[in-house]
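# Results of the structural survey
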Amino acid sequence: MGRIIQLSKHVINQIAAGEVIERPFSVVKELVENSIDAGATKISIEVSNECRDLRIADNGSGIHPEDILLAFSKHATSKIQTGEDLYEVKTMGFRGEALASIISISKLTCITRTKDFDFGVKVECENSEVKQTKTGCAVGTIMEIRDLFYNLPVRLKFLKSPKTEFAYISEFIQAIALVHPNISFELKFNGKVAVKTTAQNDNLYTIKEIFSADVSSNIKPVLNTDKLSGLKITGFVSSPDYTRASKKDYYMYVNSRLVKCPIFQKSVDMVYRNLIGNSRYPFIILNLEIPPSDVDVNVHPTKKEVRYRNPNQIFNFIQASVSAALKNITENIEPKHVEEIVIEEQKPLIIEKNEDVYIPSEENISDIFTKKTEEIIPITTKKTYPNNLPQSNNLINKTEQVKLVEAQEFTNKDNIIGQYKKTYILIEKDEGLEIVDQHIADERYIYEKLKKQKNIDCQLLFISDVIEVSNSDISLLENNKDKLSKFGYEIEILSDNEIIFRKIPQLLSKVSPKEILADILENMQGDIDNLEERILITTSCKAAVKANTCLNQYQMEEIIKNWRTCENPETCPHGRPISKILEHKELAKFFQRNK
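What comes next is a walk through the structure. Predicted model, so just to flag it, every value in this text is computed and none were measured.

### Brief notes about unusual backbone geometry
Phi is positive for Asn 190, which is not a glycine, with a value near 55°. Tracing the chain through its elements places Asn 190 in the loop between strand S7 (184-189) and strand S8 (192-196). A positive phi angle, near 55°, is found at Lys 421, a position not held by glycine. With respect to the helices, strands and loops of the structure, Lys 421 is situated in the loop between strand S18 (415-420) and strand S19 (424-428).

Take a look at the structure:
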């Protein structure tokens, strides 16, 4: 082994640059974040020469002439002063490594001016050497990087194609623009504009500029604040029937900093678990505001990883906020006008005795009230409930009342015009023709109903077929008896390969026990962590009205009325969409009735 020597400043910076500057995107990220910290309202990024030439210009506060040389030295920053400041970081950058790393692997020219001076400063850097001169320029900063990685041929060889490298840059600018709608961003690639926002200070408008009106029309606002812990979350999440094939459109921020956070991601996934299909993912833009002392962003040089002081609290807060948003509940959005909720006298339903007519039981009729602990709203001749509703056992809360009124009055808004292929219910609406899958609409309602029930109604089977199963299946059933019992299934094991049902959920009284068992065993195979949830979904699916079933008018109305009360009416528990609206304008266009 050779003698120990002190490495030169330039070599030290090159080694550090390997952590901070991985590719052209890293340079853009560090410099754009510096522009944001400088209070810029306009940031322009130009990329050329296979992503090795970069120009970032802003109208921020600029760099003081006396600080300019220090700015390009290692661990020099204006954003923190002591070690304690690391626990109160409110800026995008704070490590003081970026500029020193960039000048060690590129040829950089910086032109900057503050509002306190009539002249600017021009700095030229190469091989970590810095030269300073005076120049005329506007207030702000311009960073020009040429021949990135010119002195690191190995790193240069590992870069991907220019289009791929630019894609990393473009995705970052889109992501940072989404959380800063008050800043105008413009990104050019070889002279052509790729991304442009206009600083309207409107998140929804920025989403339209970056993506499309289609995206903005399929997302729901998220807004929730926990004043006690100082937590606040804002943003948007897509409705369950508007999904993506990957998690590419997960835009997650902590204090406006783009992060990769497993806790954040898992909390969102849990909400959508039974709302969307397998291998489908929502579109989310969420910014979590948290006291800086409760989050550590100094985990990795790229600052993309974060650690929380109380991760369980963060998980539950995000999950509850997203779940509420999907139910159209946000902090500053009240339920539909409920100053006066008028419930008209319910006329008795007269049905002639006919075997083909479905006559609801008392339990079915009370379902529309979504009762939890025998809370049923009294139906009187005409009753008005004021805005300040008393907390009484015979009244349900405002949200439930709104759902009740919407469900009872749906026939005034919708007109069920028939059934198609004995599977789809057709509804005439103001905006077009709505097509509802009768099975999965009923399945969603039953699923939510069962999930709220603490005790599922069971039916005792005095006579049950003996069902043959394998030894391994017997073991699975034996080990999961408690979970099955929770959802109304009681199984008695007669021998090593024979079982019978003693109880089944009342909803499944007309379903073959063999068919029920086959589905239960199928759900038990492999991973059984979410077995209870899968049993609940299976029960809902089996109990729901089947496709290719002829329904009369009353049955269709009951299905639609129940479905309208669901908290998540867009998809079934398997993630399939429930309804589709064919807009009048589309039909008119096809039949050339637009003139």
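### Quick word on the pairing of strand S5 (residues 129-135)
By the bridge criterion, 7 bridges tie strand S4 (residues 120-126) to S5 in an arrangement that is antiparallel. By the bridge assignment, Val 123 is partnered in S5 with Gln 132. Counting the residues that bridge the hairpin from S4 to S5 gives 2 residues, and of these Asn 127 lies at a positive phi of roughly 55°.

### Things to note about the sheet that holds S5
Here we have 8 strands laid out as an open sheet, ordered S5-S4-S3-S6-S2-S1-S7-S8, and mixed in their pairing. If you trace the sheet from one side to the other, it starts and ends with S5 and S8, each paired once. With direction set aside, neighbouring strand axes in the sheet form an average angle of 15°. Strand direction decides the pairing type here: strand S3 (residues 107-113) and S4, joined by 5 bridges, are antiparallel. Looking across to S4, one finds that Thr 112 is bridged to Val 121. Seen against the sheet, helix H2 (residues 24-37) touches strand S1 (42-48), strand S2 (53-58), strand S6 (140-146) and S7 and runs at an angle of roughly 10° to S2. Contacts from helix H6 (residues 162-178) reach S1, S2, S7 and S8 within the one sheet, and its direction differs from that of S7 by about 175°.

### A short note on the packing of helix H14 (residues 438-452) against helix H19 (residues 553-564)
Between H14 and H19, the least distance of the axes is 9 Å, while the angle of their chain directions is 45°. Classified by the angle their axes make, H14 and H19 are oblique. For the crossing formed where H14 meets H19, the hand is left-handed. Of H19, the residues touching H14 (which contributes Gln 438, Ala 441, Asp 442 and Tyr 445) are Ile 559, Asn 562 and Trp 563. Of the residues contributing to the contact of H14 with H19, the split by class is 4 nonpolar, 2 polar and 1 charged.

### Considering the packing of H2 against H6
Interaxial distance between H2 and H6 falls to 8 Å at its minimum, and their mutual angle equals 25°. Between H2 and H6, the crossing angle belongs to the class labelled roughly parallel. Classified by chirality, the crossing of H6 by H2 is right-handed. Residue-level inspection shows Pro 24, Phe 25, Val 28, Lys 29, Val 32, Glu 33 and Ile 36 of H2 in contact with H6, the latter providing Glu 165, Tyr 168, Ile 169, Phe 172, Ile 173 and Ile 176.

### Description of the pairing of S3
Taken across its 7 residues, S3 has 5 buried, putting it largely inside the fold. Sheet topology places S3 next to S6; 7 bridges connect them, and they run antiparallel. Bridge pairing in S6 links Thr 112 to Thr 141. Connecting the antiparallel pair S3 and S4 is a turn made up of 6 residues.

### Some thoughts on the environment of Gly 432
Tracing the sequence through the fold places Gly 432 in strand S20 (residues 432-437). Taking the C-alpha atoms as reference, Gly 432 lies 5.5 Å from Leu 582; in sequence the two are 150 residues apart. Here Gly 432 is in contact with Ile 427, Ile 581, Leu 582, Glu 583 and His 584, once residues within four sequence places are set aside.

### Describing H2
Quick reminder: α-helices carry 3.6 residues per turn. Residues three or four places apart thus point the same way. In a regular helix each residue adds 1.5 Å, so 14 residues correspond to 20 Å; H2 covers 20 Å between its end C-alpha atoms and thus fits that length. Judged by how many residues are buried, H2 sits mostly within the fold: 12 of 14 residues are covered. Three or more residues of H2 are buried, namely Pro 24, Phe 25, Ser 26, Val 27, Val 28, Lys 29, Glu 30, Leu 31, Val 32, Glu 33, Ser 35 and Ile 36.

### Considerations on the pattern of salt bridges
Following the criterion strictly, the structure yields 19 salt bridges and no others. With a shortest N-O distance of 2.7 Å, Arg 244 and Asp 249 are connected by a salt bridge. Lys 585 is paired through a salt bridge with Glu 583; the nearest N and O atoms lie 3.6 Å apart. What makes Lys 585 exposed here is its relative accessible area of 59%. With a relative accessible area of 30%, Glu 583 lands in the partly exposed category.

### As for helix H7 (residues 203-210)
Of the residues making up H7, those classed as buried are Thr 206, Ile 207 and Ile 210. Down the axis of H7, the smallest arc covering the buried residues is 105°, so these residues share one side. Residue Asp 202 occupies the N-cap position of H7, its side-chain oxygen lying 3.0 Å from the main-chain nitrogen of Leu 204.

### Examining the side chain of Ser 35
Relative to the assigned elements, Ser 35 resides in helix H2. Once you skip the residues sitting within four places of it in the chain, Ser 35 turns out to touch Ala 40, Ile 43, Ile 56 and Asp 58.

### Let's talk about the sheet that holds strand S9 (residues 219-226)
In space, the 5 strands of this open sheet follow the order S9-S10-S13-S11-S12, with mixed pairing throughout. Strands with a single pairing partner mark the edges of an open sheet, and in this sheet they are S9 and strand S12 (257-258). Note: strand S11 (residues 250-254) against S12, 2 bridges, orientation antiparallel. Bridged to Tyr 253 within S12 is Leu 258. Against the sheet, H7 engages S9, strand S10 (231-238) and strand S13 (284-289), with an angle of about 40° to S10.

### Examining a nonpolar patch on the surface
On the surface, Leu 587, Phe 590 and Phe 591 cluster together to form a nonpolar patch covering roughly 360 Å² of accessible area. Within the secondary structure, Phe 590 is located in helix H20 (residues 584-590). Judged by its relative accessible area of 65%, Phe 590 is exposed.

### Looking at the packing of aromatic side chains
Taken as a whole, this structure holds 8 aromatic pairs when the rule is applied. With a centroid separation of 4.9 Å and 90° between ring planes, the pair formed by Phe 590 and Phe 591 is classed as edge-to-face. An aromatic cluster is present here, built from Phe 211, Tyr 251 and Phe 283 joined pairwise through their rings. Its end group placed over the ring of Tyr 150, Lys 107 keeps NZ or CZ at 5.0 Å from the ring centre. Sitting above the plane of the Phe 119 ring, Lys 134 keeps its charged end 4.4 Å from the centroid.

Calculation notes
- Position labels on residues start from 1 in each chain and follow its written sequence.
- Under the rules for a predicted model, residues below a pLDDT of 70 receive no local features and side-chain atom pairs below 80 are neither given nor counted, while totals for whole chains, interfaces and linings still include all residues.
- For the side-chain quantities, the full set of heavy atoms in the structure was used; hydrogens and water were omitted.
- A run of H or I in DSSP becomes a helix once it reaches four residues, and a run of E becomes a strand once it reaches two; helices and strands are each numbered from the N terminus.
- By definition, two strands form a pair when at least two bridges between them are found by DSSP.
- Here, axes are lines fitted to C-alpha atoms. For helices the fit covers the stretch in contact, and angles between N-to-C directions go from 0 to 180 degrees.
- Working rule for contacts: check all heavy atoms of both residues, and any pair within 4.5 Å makes them a contact.
- In this scheme, roughly parallel covers angles under 35 degrees and roughly antiparallel covers those over 145, while 65 to 115 is roughly perpendicular and the rest are oblique.
- In this scheme, a crossing is called left-handed if the near helix is turned counterclockwise away from the far one by less than a right angle; it is called right-handed if the turn is clockwise.
- For this classification, Asp, Glu, Lys and Arg are treated as charged, while Ala, Val, Leu, Ile, Met, Phe, Trp, Tyr, Cys and Pro are nonpolar and the rest, including Gly, are polar.
- Only protein chains enter the area calculation, which uses a 1.4 Å probe; residues under 20% of their type maximum are buried, those over 50% are exposed, and those in between are partly exposed.
- A helix is expected to span 1.5 Å multiplied by its residue count minus one.
- Think of a salt bridge as a Lys or Arg side-chain nitrogen and an Asp or Glu carboxyl oxygen that are within 4 Å of each other.
- In this context, the arc is that of the directions from the helix axis out to the C-beta atoms.
- Polar contacts here mean pairs of N or O atoms no more than 3.5 Å apart (in protein, one a potential hydrogen donor and the other a potential acceptor; neighbouring residues in sequence count only if both atoms are side-chain atoms).
- Patches here are clusters of residues that have more than 30% relative accessible area and form no salt bridge, with a 9 Å joining cutoff for like charges and a 5 Å cutoff for nonpolar side chains (Val, Leu, Ile, Met, Phe, Trp, Tyr).
- Here the open area of atoms and residues is found with the Shrake-Rupley method and a 1.4 Å probe, where only the protein chains shown may cover a residue.
- Each Phe, Tyr or Trp ring (for Trp, its six-membered ring) is paired with any other whose centre lies within 6.5 Å, and the angle between the two planes then decides the class: stacked below 30 degrees, edge-to-face above 60, tilted in between.
- The criterion is that NZ of a Lys, or CZ of an Arg, lies within 6 Å of the ring centre and within 35 degrees of the ring normal, and then a charge sits over that ring.

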